[in-house]
Amino acid sequence: MSAAAPQYAFADPFKHQYIPPIRSLMPYAMRPGTISLAGGYPAQELFDLEGLGEASNQVLTRLGACLQYSNIDGQASLRHELARLSAQRGIQCDPDTELAVTGGSQQAMALLARVMLQPGDCVIIENPAFPNSVNAMSYTGATVHTVPSGPHGIDVDALDELAARVKPKIVSVVASFSNPCGATLAREQRVRLLELAVKHRFLIVEDDPYGELRFAGELVPPIAALAEGEARNWAVYISSMSKTMAPALRIGWLVAPAAVRRRCVSAKAADDMASPAWIQEIVAQYLANDRYAVHVPRIREAYGKRCDAMAQALERDMAGHIEFVKPEGGMFFWARLTGDIDATRLLPHAIEKEVVYVPGKAFYADVAGADLHAMRMSFATMNEEQIALGIQRLGLALRACEAGEPVSVTLPE
């Protein structure tokens, strides 16, 4: 007879374990023959193995110096290279007082949340949004409020009204090619966000993992690049190498006012002591070799072709049944079924037709405001032929669902 499970006194944010809805889709997405439009991964075949190998071999010649504890705020070589990269994006910063290396942009988000938020505080985030960003905020015990967002980005007027009422310490946005909506905020909206940050005294935190993946439209500078005068005190920028170089590197960075940055470094010391020096030096060497400047245009071109392929396939095989705004960059389509069938009801039929996507409701922190007909589809990991076949299968799945055909797949609610 087994003993009763112990009743642990978990902290409030962890009393009910959060299981990402996408996790339940992974067994289906990994089936041989299935076309997965679900994941948010970059294309593995586009990794610059040659360039990373060259940088790694160069670092190996000084390996002994890379095996000690690193500076908590990051190796000096990488901080200076990331400051140079940030400057190319229009963000001028001091690599020694305003920039810190993090374990991907997700750790940067978590550090900012930890140093700014506590129970009783408020934070505002887009709805829908990347669930792990929401969790980084909510795990502090702060109250997470949401503002409607969509293919054209966050509703800035609604943000102004909500901020006046709840007095947030942080407002978090993905201004370029957001996950899941693929949205890009116009320059005027970005300037307005800075004005609201000054007006309401909140940190505007821009998460920018996709900004360099623009393959159409006009370049819009990051929010922090537009910050002038007092607004510079309220603008924080975080980014990552995960979508442009490789996720396994776990290298991100934040650019923040010195007082905020210092406290994030203290929080990181309690977290992991430092990101691995060896990996940091490889990334720094890769940047110094100027391989990044050659590599990024190559993946932009590939993703642009894949985006075109998805748009064409949706127009061909789902015409009259789906609506979308074609993104100008990034990795995602945010599409909406126009009939009676919603994205959750369609999904088991799609799985049986060997294509997988993520129902849009998985990205809503405020479930009451969820668009049940929305779906997120990634075009990054599949080539043009696979994308075309996947959308063709999706059309077949919709017809099977409309006809009420039985399915054997049962998904958790």
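Treat the numbers as computed from the prediction; the structure is a model and nothing was measured. (Residues numbered from 1 in each chain as written. Predicted model: local features only at pLDDT ≥ 70, side-chain atom pairs only at ≥ 80, totals over all residues. Heavy atoms only, no water.)

What to know about the sheet that holds strand β12 (residues 358-359)
Adjacent strands of a sheet form backbone hydrogen bonds with each other and so pair up, either parallel or antiparallel.
Next, step 1: With antiparallel pairing, the 4 strands of this open sheet are ordered in space as β9-β10-β13-β12. Of all strands in the sheet, those with a lone pairing partner are β9 (322-324) and β12, marking the two edges.
Next, step 2: The pairing of strand β10 (residues 332-337) with strand β13 (residues 374-378) spans 5 bridges and is classified as antiparallel. Counterpart to W334 in the pairing with β13 is R376. (Pairing = 2+ DSSP bridges. Helix = DSSP H or I, 4+ residues; strand = E, 2+ residues; numbered from the N terminus.)

Quick word on the state of the cysteines
Next, step 1: Under the counting rule described, the total for this entry stands at 0 disulfides.
Next, step 2: C307 takes part in no disulfide bond, and the closest cysteine sulfur, belonging to C181, lies 15 Å away. (Disulfide = S-S within 2.5 Å.)

Topic: the domain arrangement of the chain
Next, step 1: Splitting the chain by domain gives domain 1 (17-40 + 294-403) and domain 2 (49-289).
Next, step 2: A straight line from the C-alpha centre of domain 1 to that of domain 2 covers 27 Å.
Next, step 3: Listed by partner, the interface residues are 25 residues for domain 1 and 26 residues for domain 2.
Next, step 4: Roughly 2,300 Å² is buried in total at the junction of domain 1 and domain 2, and carbon and sulfur atoms are behind 64% of that figure. (Domains from an automatic or database assignment. Contact = heavy atoms within 4.5 Å. Buried area = accessible area lost by both parts, 1.4 Å probe.)

Description of the side chain of T244
Next, step 1: Structurally, the position occupied by T244 is in the loop between β7 (235-240) and β8 (252-255).
Next, step 2: Classification of T244 as buried rests on a relative accessible area of 4%.
Next, step 3: With sequence-adjacent residues up to four places away left out, T244 is seen in contact with E212, L213, Y292, H295, V296 and I299. (Buried < 20%, exposed > 50% of the residue type's maximum accessible area, 1.4 Å probe, protein only.)

Quick look at the sheet that holds strand β2 (residues 99-102)
Next, step 1: Ordered in space as β2-β8-β7-β6-β5-β3-β4, the 7 strands form an open sheet in which the pairing is mixed. Looking at the sheet topology across the chains shown, the edges are occupied by β2 and β4 (143-148). On average, each strand axis in the sheet is tilted by 20° relative to the strand beside it, whichever way the strands run.
Next, step 2: In this sheet, strand β6 (residues 203-208) lies alongside strand β5 (residues 170-173) in parallel orientation, the contact comprising 4 bridges. Within β6, the position partnered with V171 by the bridge is I204.
Next, step 3: The strands touched by helix α3 (residues 76-88) within the sheet are β2 and β8, with β2 carrying the most contacts at an inclination of about 110°.
Next, step 4: With respect to the sheet, helix α4 (residues 104-116) is in contact with β2, β5, β6, β7 and β8, its orientation differing from that of β7 by roughly 150°. (Axes fitted to C-alpha atoms, helices over the stretch in contact; angles between N-to-C directions.)

Remarks on the pairing of β6
Next, step 1: Of all 6 residues that make up β6, 6 are buried, and the element is covered over most of its length.
Next, step 2: Alternating positions in β6 separate into two faces, L203, V205 and D207 on one and I204, E206 and D208 on the other, with burial throughout.
Next, step 3: Between β5 and its parallel partner β6, the chain crosses via helix α7 (residues 187-200), and the hand of that crossover is right-handed.
Next, step 4: Where β6 meets β7, 5 bridges bridge the pair, whose relative direction is parallel. Residue D207 lies in a different strand from β7, and its bridge partner there is I238. (Right-handed = clockwise from strand over helix to strand, strands pointing away.)

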